[in-house]
Amino acid sequence: MDKIINKNKTIAVAMSGGVDSSVVAYMLKKEGYNIIGITMKHWGGEDSGDNNKTCCSLDDIYDAKRVCDDLGISHYVVNFEKEFKEEVVKYFIDDYINGNTPNPCVVCNRKIKLGKLVDFSKKIGADFLATGHYAKVINEKLYMGDDVKKDQAYFLSQVKKDYFKSILFPIGNYNKTYVRELAKELGVRVYAKKDSQEICFVENDDYKKFLMNMTDGKIFKNGEIVTTKGEVVGKHKGTAFYTIGQRKGLGISYSKPLYVVDLDSKNNRVIVGDNEELFRNKLIAIKINLLGVEKIEELDNIYCNIKTRSRDILHRAKLKLIDENKIEASFELGVRAITPGQLAVFYREDGLVLGSGFIEGGKSL
Ligand SMILES: Nc1ncnc2c1ncn2[C@@H]1O[C@H](COP(=O)(O)OP(=O)(O)OP(=O)(O)O)[C@@H](O)[C@H]1O
């Protein structure tokens, strides 16, 4: 574990019924901690009548319960459906309507999973909440996990700073392959269970269908696809169905490959251009969450590494403070497909997350 904790402390484990969080519960139990399992139900699957699975199905809750039974620990189920719908699903839909590409996991982690769930775990007497995230907490500060491919610090970078005092990521030093092996070795019943899907509440990751269902089709709004030079080259079905960098599915036949380079939701236009036009040297990040620093001024005029999407490489950049809640990042090399609505996460050389902000769209590009 990333922290030495007194054995008489109580640790609540956030249990999804999956491999990672089950391994966390086994590890902590084996180390002699007093643990409690908590599973939250945050989505009732209103998106369709099919039998395809989204998150927190009854099966998942039962899996979590059985793992807790195997370990002889108590298991709580807490319902955050209302909060999740108001805080995460609404944001997800609105952001698409506004021409952004939202990141619901980031908002869920801040508001629900590592917000309300931490508060709930305190209420039931726990000192800490442990999850199966691939990230690390060192001296109450968030760091990138050791498994670079699986690292989830990006998704955790908007969690309120104070909450890291009560959060543990016991598998942050491991990689997923090892965790699966460990699960088998420890006899965890769900050791072979599939990884969860990309966006837990969207069936089969079909976000377009989800948006159509949730807005009663109102999100469907025909408009023009226009090149950066102003040439109309096709029709689109609504800016929400496109994302920056997209090439496939545009339905355009043109003399050269075209990519989505901007979404103009105000004028209901999808702007396309060459691959080269996708590269930018700057971005503006807003709604800054400070983590590895005390004051925002500490981020002014410093060099750091930035990820502009969860599976991004690290880009070297210099930060400049615009105001109390706005930072401009200037990259040493151009970055492809910077996408408004996604997060810009600022990392120190050793993986410490300094802070993060949402990438602003429109004029900032
Ligand atoms: N419904 C839930 N209830 C409680 N905790 C959850 C729930 N969903 C996810 N978590 C917690 O958040 C962590 C990261 O969630 P994520 O969706 O990334 O799952 P994952 O990487 O597939 O992990 P797992 O194998 O544990 O499902 C989980 O390991 C678990 O601790």
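What counts and what doesn't
- Residues numbered from 1 in each chain as written.
- Predicted model: local features only at pLDDT ≥ 70, side-chain atom pairs only at ≥ 80, totals over all residues.
- Domains from an automatic or database assignment.
- Contact = placed C-beta atoms within 7 Å.
- Helix = DSSP H or I, 4+ residues; strand = E, 2+ residues; numbered from the N terminus.
- Nonpolar A, V, L, I, M, F, W, Y, C, P; charged D, E, K, R; others polar.
- Near = placed C-beta within 6 Å.
- Expected span 1.5 Å × (residues − 1).
- Buried ≥ 20, exposed ≤ 12 C-beta atoms within 10 Å, placed from the backbone.
- Arc of directions from axis to C-beta.
- UniProt positions renumbered as here; feature names shortened; annotations may be inferred.

*Asks:* Sorry, what's going on with the domain arrangement of the protein here?
*Replies:* Interface size is often expressed as the accessible area that is lost when the parts come together. Each assigned domain of the protein is listed here: domain 1 (10-205), domain 2 (221-274) and domain 3 (278-364). For domain 1 versus domain 3, the separation of C-alpha centres amounts to 26 Å. Facing 17 residues of domain 1, the contacting portion of domain 3 comprises 18 residues. Put simply, the parts of the chain that give the side of domain 1 that touches domain 3 at least two residues each are β6 (141-144) and α5 (153-156). The element contributing the most residues to the side of domain 1 that touches domain 3 is β6, with four residues. Along the lines of polarity and charge, the residues of the side of domain 1 that touches domain 3 split into eight nonpolar, six polar and three charged.

*Asks:* Would you explain the site of the ligand in this entry?
*Replies:* Near the ligand you find 17 residues, and of these A14, G18, D20, S21 and G132 are the closest. Put simply, the parts of the chain that give the shell around the ligand at least two residues each are α1 (19-30) and β2 (34-41). With three residues, α1 is the single largest residue contributor to the shell around the ligand. Across the shell around the ligand, the residue classes break down as six nonpolar, eight polar and three charged.

*Asks:* Can you walk me through helix α2 (residues 58-71) in this structure?
*Replies:* One turn of an α-helix holds 3.6 residues; hence residues three or four places apart share an orientation. In this model, α2 (14 residues) spans 20 Å end to end at C-alpha, consistent with the 20 Å of a helix rising 1.5 Å per residue. Within α2 the residues assigned to the buried category are D60, D63, A64, V67 and C68. Projected down its long axis, α2 shows its buried positions confined to an angular sector of 135 degrees, all on one face. Turned more than 90 degrees off the buried face of α2, the exposed positions are L58, D59 and Y62. Buried residues along α2 sit in contact with α1, β2 and β3 (75-79). The positive-phi residue at the C-terminal boundary of α2 is G72, with phi of around 70 degrees.

*Asks:* I keep staring at the UniProt feature "domain: tRNA-specific 2-thiouridylase MnmA-like C-terminal" (unreviewed entry) in the protein and nothing clicks. Help me out?
*Replies:* In the numbering used here, UniProt assigns the feature "domain: tRNA-specific 2-thiouridylase MnmA-like C-terminal" (unreviewed entry) to residues 281-359. This span, residues 281-359, is 0% helix and 59% strand, and a straight line between its end C-alpha atoms measures 13 Å.

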